[in-house]
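One-letter residues, chain by chain:
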Amino acid sequence: MSFEETDTNSDFVESLLGDFLDESDQLLTRLNANLLQLDEWVQSLAVDHQQHCDENLLNEMFRAAHSLKGLSAMLGFTEINRLTHKIENVFDAARRNQLSISRNVTELIFQALDHLAAMVGQLKDPGGNPVDCNTVQEAILRLLQDAGAEQKPASQADAERALGASIRPDSRPSQAEAILPEAAQQPDPLEGIADESDIPDHHLSLFADEAETSLDALTVGLLALEGGRSADDLNHLLGTAHKIKGSAACIGLRRAARLAHWMEDLLEEAVAAEGTLPAPTIDVLLKCTDGLRQHVADLRCNRRGSDQLGPLARDLLAARQGAAAPAVDDRPAISEQRQAEPAGVAPARRTTYRGEVVFHPRLPAAGLKALLIREKLAKLGDVLDCQPSLEQLEAIDRLDCFRFRITTDQPAESVAGPLHIGGVVRVSVTPFLAEPVPDGPEAPRSAGMFPAQKPATEAGPPSAAAGQRPAETVRVDTERLDQLMDLAGQLVINRAQFSQIGQRLKAVADCNHAVRALGKLSGELERLSSGQSAHIDGQHAPEELESMRGQIRRIWNDLAPICREVQTLSRARDSVRELFEAIHQLDRVSDGIQKSVMDLRMVPIGPLFARFHRVVRDIARASGKLVRLEIAGEKTELDKHMIDELGDPLVHLVRNSADHGIESPEEREAAGKPRQGTVTLEAFHRGNNIVIEVRDDGKGLDTDSILRKALDKGLVAEADAQRMTPYQIQQLIWKPGLSTAEKVTDISGRGMGMDIVKTKIEELSGTVEISSERGKGTTITLKLPLTLAILPSLMVDIAGGVFAMPMEAVTEIVSVERSRVRVVGGRPVATVRGRVVPLVKLGDALCFQGDGAASAGRATETTLVVLGDAGQELGLAVDRVIGEEDVVIKSIAENYANVRGIAGASILGDGRVALILDVPALIAAVCQMAASSAC
Amino acid sequence: MSTATCEPGVSEHDAAHQSGSMQLVSFKLGDETYGITITKIREIILVGEITCVPETPPYVKGLINLRSAVIPVIDLRARFSLAATELTPDSRIMVLHVGSRTIGIVVDSVNEVLRVTQQEISPAPPTVSSSGNEYMTGLVRLKEDLLILLDVDRLFGDEATQPFTR
């Protein structure tokens, strides 16, 4: 695939690329989700021909495809652009009823989306295989040709026109025209364009961040243009305006999107003409920028629906129409012009009202009444939307309240009047606040002829907690997060160092004994020097005695400063205590930092799970089974890196469950199960772990054939086979040998790539287990650490070296007397609580140089750490158990290579490097050792 | 654990490179003198505690903690099949950039930083740069010594990318 990147080296494009990747991921996800809905609808169509296709769905998909098209065009990804364009055409044709959506169509679009995802994926990682999407493109083209809906490569403007039409679900083509640029005389070109009302706050804040940056860039660019301009600058401006448009349209801010679109048009014309932007035009553009900035600021503060974009749009269109006309921003002139031709292109003054009709409770056939009201409304003006929707009304019998929005040139009274039909208790019509009339007398808010008080049932605006600002966000490079994580890890190590230093100081400062001894000594000397000690008096001459006393006095004097210093030292004990308090404080802070940094990397698993709807659907369709995917715990958060890594293993597992686990509908029926099988994906916390379960209610594992297969492959000895429990047999499917079986489906289906799954999960320091019941189903449980960076470990001393082993793998620690160690088949084993556990010295399992790790186990008593993985156990002989510690995992492969039996390294408090044992690999090494010695 | 005694300045090297000369750090292994271009050297540290790693070839001494990064240390004597000796107070670890990796080598002593011109470097004779010794890229005649120029990327390229086998 060749991307004709317009100017890859430009920083501008570089910065856009990141945004593009982010946004295209979101758009593709949304497209996929919508397509699944559409697919369901197509399937239900086979049963019930009466259903109408959800127009909003098609519109939404069209918009998503369109956004993607625009973004890719901006960055010069022609292939993506072409394909999205085709997809867009399909949805457009479907909207216009030129193309009926069938299974073939959805299938084709699924394919196209896969190709798109692959192409976007290639942008992220250029190393992959080139994506060839010509076949899909041709297929779509054929589809459109067959439907007679083939379109010439539509220009951006065409698509925009179509998009404009899509903005109002009920709009007729003439109105679509009405919001086109030609309608500059219209009082408010943005009238009738409403923002989506339920924009999630976090989307809004993301948009606001991005828009503010873009608007800043736009302002700077425009100001630069006023000085000396170049086509290049204009192109940048164009790109920026497009970006604002794209992101606004993405989250449903249609008004802002439209304004930005017109700004883009204006700039585009300037680029096309390679000409100049007259100063007034720049003025208008700057005003628009300011207006948008204000709008964004309002959105941030949750003040929605009161934007001033309408007048700006009018000025902008005027400027565009008469780029040469000097009086573009001469408002009075325009309003005069408007009054001069009041019935020109559009009705002079149209207002959008929001209305509500409350029916008598227990009114029979209220749905029909509502339909009647809906028809009356249609005569008065353009009904923007109503709730319940038109389709629903036909089916509804009971209805308390019918809501609608209407754009009309009639006053509120005339709208409300005809609605009083039998059974109606109350009618209220109020101007729709999101659509203020841009100028002219503001209609009072309670203009309806009925009290504007809304019944409590009316759903408030989504921003119910008015004034509550959406949380601000910052986009951060993951590299910086990693850096922060590293630093937090270092802090943990430093904390441990402090703690050790403190311990040493404590030992040094513990000199109470010395103080006491010195005090005693000094008292003794004092007595001696003052001659109070009687027993030496008689034996010495007085002068001799005097000189001795003099000497003793001097010693006593010398002793005094020593005493003082030792006393000072003993006061250092207090300081050491304070040091410990400070370290304790540091403990809490560093824990807090570590936790916060880890939280930064946590993302919900939901989006990953959502991908599997598609996987399950494809399998169900391919195999003719009925499979439902149930998802639970999608809010569970995991390390971002872990989520990225989990995709492939989960696909394997879900595919296995749906493909091999679930039986055909007939088989299921025969087994007394519902025809539709269920695959469940669930994530939850358990202790310090995240557990992900993949469950199915299928036929379960066939232990007999697994065992047979394992015997054939020589994975299990004949003698052992007799004694194996079903659970042990089930664990055999993780063996690499079984996965290479020629036709894995023969042995109840499992096994394909299961060893790959296991390896991958173990790379993530996780464990995987399987349990299955014949006829009932299979559960695969993945247990993963909360984060990859920190591992709760047991620290042990083996021959002077410190080793860490994941707490997860430690079953128990026992002390075994030398005499109770037996030798079975040339290998020592110990009996632990009735279980026979092989006793292993680290130096035997792994090849150490010199005498490394050899001394363990010579004493009369051996300390064994019993390590377990997937039902297998071994007892590792250690010299001393040091204790439990949370270690920061450092990769060895980063600077060296992967080492068998070693999962990584960690830095101890004293700065030494400790190795983290890889328990599954260790067990494998021991098994290999046993196998080779048996030969 | 260690003190940095040399932190080469990159700009200096660039200037030198442009004038057709390069800076080398020379060091001793037994009786032989070797040189590595200064741009490959991150720092030179004292030999601290080295953690042995199982399942590695004999010339991998183990892992050390270099300011919270875990890096492997290679015993260059063992790598060049020279007789093993005890560490002396002169022994140093030279921390090198090899590709994207950081690797330490234990050397008997670090001598000096030299500046040599391209003309002073003669190609290694074929007897030296035979197969298996491609990492010896040249010889520099010093006053009373012959310096063997090492290409660390060739020397450790394999180790850095391939896991060791027993």
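A quick note: this is a predicted structure, and the numbers were derived from the prediction, not measured.

Peer 1: Is there a simple way to think about the overall build of chain B in this case?
Peer 2: Tallying secondary structure elements over chain B gives three helices and 11 strands in all. Mapped in sequence order, the helices and strands of chain B form the string α-β-β-β-β-β-α-β-β-β-β-β-β-α. Expressed as a percentage of its 166 residues, the buried residues of chain B come to 49%. Summarising the internal contacts of chain B: among those between residues at least 6 apart in sequence, 60% fall at separations of at least 24. By element, 50% of the accessible surface of chain B is carried by carbon and sulfur atoms, the whole surface being about 8,200 Å².

Peer 1: Explanation requested: the pattern of salt bridges in the structure shown.
Peer 2: All names here are of chain A. Tallying each qualifying case throughout the model produces 34 salt bridges over all chains. Arg617 serves as the salt-bridge partner of Asp39, at 2.6 Å between the closest nitrogen and oxygen. Of this pair, Asp39 sits in helix H1 (residues 11–47) while Arg617 sits in helix H20 (residues 606–623); the two residues are 578 residues apart in sequence, bridging distant segments of the chain. Summarising the burial analysis for this pair, Asp39 and Arg617 share the class buried. For the salt bridge of Asp618 with Arg614, the shortest nitrogen-to-oxygen distance reads 3.3 Å. On the criterion of helical spacing, the pair formed by Asp618 and Arg614 is a turn pair, its members being four residues apart in helix H20. Here Asp618 falls in the partly exposed class, since its relative accessible area comes to 28%. Given the relative accessible area of 11%, Arg614 is considered buried. When salt bridges that share partners are traced, they join Asp39, Glu107, Asp114, Arg614, Arg617, Asp618 and Arg621 into one network.

Peer 1: Quick question: what am I supposed to make of the sheet that holds strand E10 (residues 767–773) of chain A here?
Peer 2: All names here are of chain A. As summarised here, the arrangement of the five strands in space is E6-E8-E9-E11-E10, forming an open sheet in which the pairing is mixed. The outermost strands of the open sheet, each flanked by one partner alone, are strand E6 (627–632) and E10. Recorded for the sheet is a direction-independent mean angle of 15° between the axes of neighbouring strands. Sitting on the sheet, helix H21 (residues 640–661) touches E6, strand E8 (677–686), strand E9 (689–696) and strand E11 (777–785), and the angle it makes with E9 is about 20°. Helix-sheet contacts for helix H27 (residues 754–763) involve E10 and E11, and the interaxial angle to E10 is about 140°.

Peer 1: Which parts of the structure should I look at to understand the confidence of the model for chain A?
Peer 2: Low pLDDT means the predicted coordinates in that region are not meant to be read closely. All names here are of chain A. Residues of chain A with pLDDT of at least 70 account for 74%, and the chain-wide mean is 73. Confidence drops under a pLDDT of 50 for residues 1–9, and excluding neighbours within four residues, the segment shows 21 contacts in the predicted structure. Under a pLDDT of 50 for its full length, residues 740–752 has, in the predicted model, 35 contacts with residues more than four places off or in other chains.

Peer 1: Sorry if this is basic, but what is going on with the interface of chain B and chain A here?
Peer 2: Note on interface size: it is often stated as the accessible area lost on association of the parts. Chain B puts 28 residues into the contact, and the matching count from chain A is 24 residues. Both faces considered, chain B and chain A share a buried interface measuring about 2,200 Å² in area, 57% of it formed by carbon and sulfur atoms. The interface formed by chain B and chain A includes two salt bridges. Note that B:Glu55 is salt-bridged to A:Arg900, the shortest N-O span being 2.8 Å. Run the count over chain B and chain A and you get five residue pairs in polar contact (both at pLDDT 80 or more). Those elements that provide at least two residues to the side of chain B that touches chain A are strand E4 (60–66), strand E5 (69–75), strand E7 (101–107) and helix H3 (152–161) of chain B.

Peer 1: Got a minute to help me understand the packing of helix H18 (residues 512–530) of chain A against helix H19 (residues 542–600) of chain A in this structure?
Peer 2: For any two helices packed against each other, one specifies the inter-axial angle together with the distance between the axes. Residues and elements named next belong to chain A. Contact pair H18 / H19: the axes reach a minimum separation of 9 Å and the direction vectors enclose 160°. The angle between H18 and H19 falls in the class roughly antiparallel. For the crossing formed where H18 meets H19, the hand is left-handed. Of the residues in H19, those in contact with Asn512, Ala514, Val515, Leu518, Leu521, Ser522, Leu525, Glu526, Leu528, Ser529 and Ser530 of H18 are Arg549, Ile552, Arg553, Ile555, Trp556, Leu559, Ile562, Cys563, Val566, Gln567, Ser570 and Arg573. Per-class residue counts for the contact of H18 with H19 are 13 nonpolar, six polar and four charged.

Peer 1: Got a minute to help me understand H18(A) in this structure?
Peer 2: An α-helix turns once every 3.6 residues. As a result, residues three or four positions apart point the same way. All names here are of chain A. With 19 residues, H18 ought to run about 27 Å at 1.5 Å a step, and its terminal C-alpha atoms sit 27 Å apart, in line with that. Restricting attention to buried positions, one finds in H18 the residues Leu518, Ser522, Leu525 and Ser529. Across the axial projection of H18, the buried residues extend over an arc of 65°, all falling on one side. Opposite the buried face of H18, by more than 90 degrees, sit the exposed residues His513, Arg516 and Lys520. On its buried side, H18 packs onto H19.

Peer 1: Got a minute to help me understand the environment of A:Ala412 in this structure?
Peer 2: If you trace the backbone, A:Ala412 turns up in helix H16 (residues 412–416). As a C-alpha pair, A:Ala412 and A:Gly355 span 57 residues in sequence and 9.3 Å in three-dimensional space.

Peer 1: Would you mind showing me how to read the environment of A:Met485 here?
Peer 2: Here A:Met485 shows up in helix H17 (residues 478–509). Separated by 115 residues in sequence, A:Met485 and A:Leu600 have C-alpha atoms that sit 9.7 Å apart.

Peer 1: Is there a simple way to think about the sheet that holds strand E10 (residues 136–141) of chain B in this case?
Peer 2: Within a sheet, each strand pairs with its neighbour through backbone hydrogen bonds, oriented either parallel or antiparallel. Residues and elements named next belong to chain B. One open sheet accounts for six strands, arranged E8-E1-E2-E11-E10-E9; its pairing is mixed. Across the chains shown, the open sheet's two edge strands, defined by having one partner strand only, are strand E8 (109–117) and strand E9 (121–122). The sheet contact formed by strand E1 (residues 21–29) and strand E2 (residues 32–37) spans six bridges and is antiparallel. Residue Ser26 lies in a different strand from E2, and its bridge partner there is Gly35.

Peer 1: Please explain the nonpolar core as it appears in this structure.
Peer 2: Soluble globular proteins tend to bury their nonpolar side chains together. Residue and element names in this part refer to chain A. Ranked by internal contacts, the top residues of the largest apolar core, which has 87 residues, are Phe20, Leu83, Ile87, Phe91, Leu116, Ile140 and Leu316. If we skip the residues at most four places from it in the chain, Ile140 touches Leu83, Lys86, Ile87, Val90, Leu108 and Ala112. In this structure, Leu794, Phe848, Ala905 and Val926 belong to the second largest nonpolar core, which totals 63 residues.

Peer 1: How should I be thinking about unusual backbone geometry in this particular structure?
Peer 2: Note on backbone geometry: most residues besides glycine have negative phi, and most peptide bonds are trans. With a phi angle near 50°, A:Ala799 is a residue other than glycine that sits in the positive phi range. Within the secondary structure, A:Ala799 sits in the loop between strand E12 (790–798) and strand E13 (801–806). Under the relative-accessibility criterion, A:Ala799 is labelled partly exposed at 31%. The phi dihedral of B:Glu55 falls on the positive side, at around 60°, and the residue is not glycine. Topologically, B:Glu55 is positioned in the loop between strand E3 (41–46) and E4. Since its relative accessible area comes to 11%, B:Glu55 is described here as buried.

Peer 1: Sorry, what's going on with the confidence of the model for chain B here?
Peer 2: All names here are of chain B. Per-residue confidence for chain B averages 78 on the pLDDT scale, and 79% of its residues sit at or above 70. Within chain B, the element-level pLDDT minimum falls on helix H1 (residues 10–18), averaging 44, and the maximum on strand E6 (residues 92–98), averaging 92. Low pLDDT (under 50) marks residues 1–18, which in the prediction has 26 contacts with non-local residues, meaning those over four places away or in another chain. Every residue in residues 160–166 scores below 50 in pLDDT, and together they form 15 contacts with partners more than four places removed in sequence or on other chains. Scored as a complex, the prediction yields pTM 0.45 and ipTM 0.81.

Peer 1: I keep staring at the pairing of strand E19 (residues 872–878) of chain A and nothing clicks. Help me out?
Peer 2: Look at any regular strand and the pattern is simple: side chains alternate between the two faces of the sheet. All names here are of chain A. For E19, the buried fraction is high: five of the seven residues fall into the buried class. The sheet contact formed by strand E17 (residues 835–841) and E19 spans three bridges and is parallel. Within E19, the residue paired with Leu839 across the bridge is Gly875. Relative to E19, strand E18 (residues 861–869) runs antiparallel, the two sharing seven bridges. For Val866, the partnering residue across the bridge sits in E19 and is Gly875.

Peer 1: Sorry if this is basic, but what is going on with the packing of H20(A) against H21(A) here?
Peer 2: Residues and elements named next belong to chain A. At their nearest, the axes of H20 and H21 sit 10 Å apart, and the two run at 30° to each other. By the angle class used here, H20 and H21 are roughly parallel. Like other packed secondary-structure pairs, H20 and H21 cross with a definite hand, here right-handed. Touching Leu608, Phe609, Arg611, Phe612, Val615, Val616, Ile619 and Ser623 of H20 are Ile643, Leu646, Gly647, Leu650, Val651, Val654, Arg655, Ala658 and Asp659, all from H21.

Peer 1: Just to check I follow, could you spell out the side chain of A:Asn895 for this structure?
Peer 2: Looking at the secondary structure, you find A:Asn895 in the loop between strand E20 (880–888) and strand E21 (902–907). Polar side-chain contacts of A:Asn895 include one of 3.1 Å to the backbone oxygen of B:Val70. Those residues in contact with A:Asn895 that sit more than four places away from it in its chain are B:Val70, B:Ile71, B:Pro72, B:Arg101, B:Thr102 and B:Ile103.

Peer 1: What should I look at first to understand helix H5 (residues 134–146) of chain A in this one?
Peer 2: Residues and elements named next belong to chain A. Between its terminal C-alpha atoms H5 stretches 18 Å, which fits the 18 Å expected from 13 residues at 1.5 Å a residue. By the burial criterion, the buried members of H5 are Val136, Gln137, Ala139, Ile140, Leu143 and Leu144. The arc that holds every buried residue of H5, seen down its axis, measures 160°, which confines them to one face. What points out from H5, more than 90 degrees from its buried face, is the exposed set Thr135 and Asp146.

Procedures and definitions
- Residues numbered from 1 in each chain as written.
- Chains lettered and ligands numbered in written order.
- Predicted model: local features only at pLDDT ≥ 70, side-chain atom pairs only at ≥ 80, totals over all residues.
- Heavy atoms only, no water.
- Helix = DSSP H or I, 4+ residues; strand = E, 2+ residues; numbered from the N terminus.
- Buried < 20%, exposed > 50% of the residue type's maximum accessible area, 1.4 Å probe, protein only.
- Contact = heavy atoms within 4.5 Å.
- Areas by Shrake-Rupley, 256 points an atom, 1.4 Å probe, with all protein chains shown as cover.
- Salt bridge = Lys/Arg side-chain N within 4 Å of Asp/Glu carboxyl O.
- Pairing = 2+ DSSP bridges.
- Axes fitted to C-alpha atoms, helices over the stretch in contact; angles between N-to-C directions.
- pLDDT = per-residue confidence, 0-100.
- Buried area = accessible area lost by both parts, 1.4 Å probe.
- Polar contact = N/O pair within 3.5 Å; in protein donor to acceptor, adjacent residues only side chain to side chain.
- Parallel < 35°, antiparallel > 145°, perpendicular 65-115°, else oblique.
- Left-handed = near helix turned anticlockwise from the far one by under 90°.
- Nonpolar A, V, L, I, M, F, W, Y, C, P; charged D, E, K, R; others polar.
- Expected span 1.5 Å × (residues − 1).
- Arc of directions from axis to C-beta.
- Core = buried A, V, L, I, M, F, W, Y, C linked by side-chain atoms within 4.5 Å.

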